[in-house]
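# What the coordinates show
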Amino acid sequence: MVDQQADLIARLRAAIKGRVITPEDTPYDQARTGFYGGFDARPAVIAQPVDAADVSAVVALARDSGTELAVRGGGHSVAGHSTSEGGIVLDLSAMKALDIDVEGQTVWAEAGLTAGEVISATAAFGLAVGFGDTGSVGIGGITLGGGIGFLVRKYGLTIDDLLAAELVTADGQIRQVDADTNPDLFWAIRGGGGNFGVVTRFRYQLHQVDRIVGGMLVLPATPDLIQSFVAQAEAAPDELSAIVNVMTAPPMPFLPAELHGQLILLALMVYAGDVEAGERAIAPFRALTTPLVDMIRPMSYIEMYPPDEAEFHPVAASRTMFIDAVDQQTAELMLDHLRKSTGQMSVTQIRVLGGAVARVPEDATAFAHRNRRMMVNVATLYGQPDEASVHEAWVTAFASALAQGEAGAYVNFVGNEGEAGVRAAYPGATWDRLARIKAQYDPTNLFRLNQNIPPAVEAVRQRDSDGAAT
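### Some details on the environment of R190
- Position of R190 relative to the elements: it lies in the loop between α7 (183–189) and β10 (198–205).
- The exposure class of R190 is buried, given its relative accessible area of 15%.
- Taking C-alpha positions, R190 is 13 Å from R433, a pair spaced 243 residues apart along the chain.

Right under this line is the structure:
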C-alpha cells in the first residue's frame with residue numbers, strides 16, 4: 001500500500017505543473033481542512049493543478065489507478081465531499097484566472113475563485129453575477145448546484161447566468177460546453193452538481209449592479225411578524241430578494257446584550273435597482289414593527305459580502321426543503337422547534353423565490369424546483385461531534401413537521417442523507433435524464449464524492465453492447 005501511494009505521488013509530480021502536497025508537507029493540514037468542522041479525513045495526496053491540462057492528468061491518474069477522487073473548490077461541502085480518506089484531493093484553489101469583458105458584460109472565471117473574489121473584481125465596473133450569500137464559497141460548487149442568493153428574484157439562479165463552461169470528463173477530455181456544443185452536458189451541469197466532470201472555467205453573464213439598497217433588518221420573532229414578513233417579501237418587486245433567518249440571536253456587537261440567545265428574525269435584503277425605488281420597497285418591512293436593528297441603506301453590492309473568519313469551522317446538523325407557504329401555524333411551528341433545540345445556535349432560513357427563477361421552464365436545466373415559492377433550511381450549530389445524534393434527530397423531526405407538498409431539496413444544502421436526499425433534489429424525469437448523461441460521460445462513477453447520481457444501468461449496458469458489436 002505504501003509503495004502504491006509513493007508511486008501515485010511520484011506519477012502526479014511528474015504529470016502536473018502544479019503543486020503536489022503529501023502528509024509529510026507543512027501545508028498538508030491546512031490544505032485538507034474544509035470550511036465545515038466535524039470532518040477529519042486524511043487524503044493520500046492533494047494535487048493543486050494550475051490549468052485544465054493538469055486537471056486532466058489528475059483525473060486520468062485517479063481513473064487508471066482506481067484511487068478515490070475528491071474535487072475541491074472552496075471546500076464548503078456540507079457533506080464533507082471536499083476531501084477523501086486515503087484518496088486524491090483535486091484542489092482547484094490555484095486556478096484563479098479572471099477575464100472580464102466589460103463592454104459585452106461577461107466574464108470567464110476559473111474554478112479556483114471564490115464568489116467574493118469574482119464579485120469584488122466585477123464590482124470595479126459596476127457589474128455582478130448572482131452567487132449566494134457567502135463570499136468564501138467556491139464558484140464551482142454553488143454554480144453546479146443552482147445558486148440561490150441576493151439577486152435571485154431579479155436575475156434568477158446562478159446557473160441562469162451561466163453561458164458556457166470548460167470541463168474535464170472522466171475520460172480526461174477537456175470539453176467546451178454551451179447551448180450549442182455538448183448541450184446535454186450543459187443542461188446537466190446547471191444544477192446536477194459535480195457528477196459529470198471537473199469544471200475548470202465558467203463563463204457568466206454579468207448584470208449592471210452598482211448601488212443597491214441592502215443590508216440587515218432585525219425584528220422580534222413572533223408568529224405574526226414572521227408570517228407578515230415572508231408575505232411581504234413574496235409581494236415585493238422582483239428587484240428585492242430576501243433571506244429570512246428565524247434564529248437564536250448570536251452575540252453580535254450590534255445586538256443588545258439582552259437579545260443574545262433569544263429568538264429573532266434577521267433578514268438580509270438586497271434591492272437591485274433605483275435607490276429611491278429601493279427605499280420605497282423596504283418601507284413596508286420597516287413598518288411592520290419598530291426594528292431591533294436597521295442596517296439597511298444604499299451601498300455598493302460588494303458590501304453584502306464581509307470577509308469570513310478564517311478559523312471559523314462550524315459543526316452543523318441541517319436539512320433542506322422547499323415549501324409554498326408560511327402561515328400562522330407554520331410560523332408557530334418554527335418557533336416551537338427552535339425553542340426545543342439544545343444547539344449553540346439554531347435557525348430556520350427562508351429564501352423567497354419566484355420572480356426570475358420561476359420564469360425559466362422547469363426542464364430547461366437540472367434544477368427542478370422552479371415552481372416552488374421558497375427554499376427552507378433548518379440547522380443547528382454545536383460544539384462536540386459526540387452530540388451529533390441529538391442534533392440530527394432534532395433537524396430530522398423539525399424538517400418532517402415543516403414539510404409541505406411534494407418532497408424537494410436544494411442539492412447544495414443536502415448533507416449525508418443517502419440516496420433519499422439526492423432523489424429529493426432531482427425528482428422524476430430530472431433524475432432519469434441525469435443518470436443517462438452520467439452513464440455517457442462517467443460510466444464507472446469516478447466522480448462519486450458528491451451528491452451522487454449513479455450512471456443509468458441500462459445506458460451503461462447499451463454503451464458496452466454497442467462497443468462490443470463494433
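### Observations concerning the nonpolar core
- Ranked by internal contacts, the top residues of the largest apolar core, which has 101 residues, are V59, L69, F131, Y204 and Y301.
- Counting residues per element, this core draws most heavily on helix α3 (residues 52–65), at 6 residues.
- Within the second largest apolar cluster, 42 residues are counted, among which are A221, A236, A281 and I323.

### A short note on the pattern of salt bridges
- This structure, assessed with the given rule, holds 24 salt bridges.
- Where E303 meets R297, a salt bridge forms, and the shortest distance between an N and an O atom there is 2.7 Å.
- A residue is classified by how much of its surface remains accessible, and E303, at 38% relative accessible area, is partly exposed.
- Residues joined in a network through salt bridges with shared partners are K17, D51 and D54.

### Some remarks on the packing of aromatic side chains
- Tallied over the full model, the rule gives 9 aromatic pairs.
- On the numbers, 6.4 Å between centres and 65 degrees between planes, the contact of F367 with Y410 is edge-to-face. Of the two residues, F367 is situated in the loop between β18 (345–352) and β19 (374–382) and Y410 in the loop between α11 (388–402) and α12 (418–425); the sequence distance between them amounts to 43 residues. Like F367, the residue Y410 is buried in the burial classification.

### A few points about the sheet that holds strand β8 (residues 162–168)
- Sheet architecture is open: 5 strands sit in the order β5-β6-β10-β8-β9, paired in antiparallel fashion. The sheet terminates laterally at β5 (98–101) and β9 (174–178), the two strands that pair on one side only. Going across the sheet, the axis of each strand differs from the next one's by a mean of 15 degrees, ignoring polarity.
- Taken together, the 6 bridges between β8 and β10 define a ladder with antiparallel strand orientation.

Cut-off values and rules
- The numbering scheme is per chain: residues are counted from 1 as the chain's sequence reads.
- It should be noted that, the model being predicted, local features are given only for residues of pLDDT at least 70 and side-chain atom pairs only at 80 or more, the latter also being counted only at that level, while totals for whole chains, interfaces and linings use all residues.
- Based on all heavy atoms of the structure, the side-chain values leave hydrogens and waters out of the count.
- Put simply, DSSP H or I for four residues or longer makes a helix, DSSP E for two residues or longer makes a strand, and each gets a number counted from the N terminus.
- We call a residue buried when its accessible area falls under 20% of the maximum for its residue type, exposed when it is over 50%, and partly exposed in between, using a 1.4 Å probe and counting protein chains only.
- In plain words, nonpolar cores are sets of buried Ala, Val, Leu, Ile, Met, Phe, Trp, Tyr and Cys residues tied together by side-chain atoms within 4.5 Å.
- Any carboxyl oxygen of Asp or Glu that lies within 4 Å of a side-chain nitrogen of Lys or Arg is treated as forming a salt bridge with it.
- Pairing of aromatic rings covers Phe, Tyr and Trp, the last counted by its six-membered ring, and requires centre-to-centre distances within 6.5 Å; plane angles under 30 degrees mean stacked, over 60 mean edge-to-face, and any other angle means tilted.
- A pair of strands is treated as paired once DSSP finds two or more bridges between them.
- Axes here refer to lines fitted to C-alpha atoms; in helices the fit is confined to the stretch in contact. Angles between the N-to-C directions go from 0 to 180 degrees.

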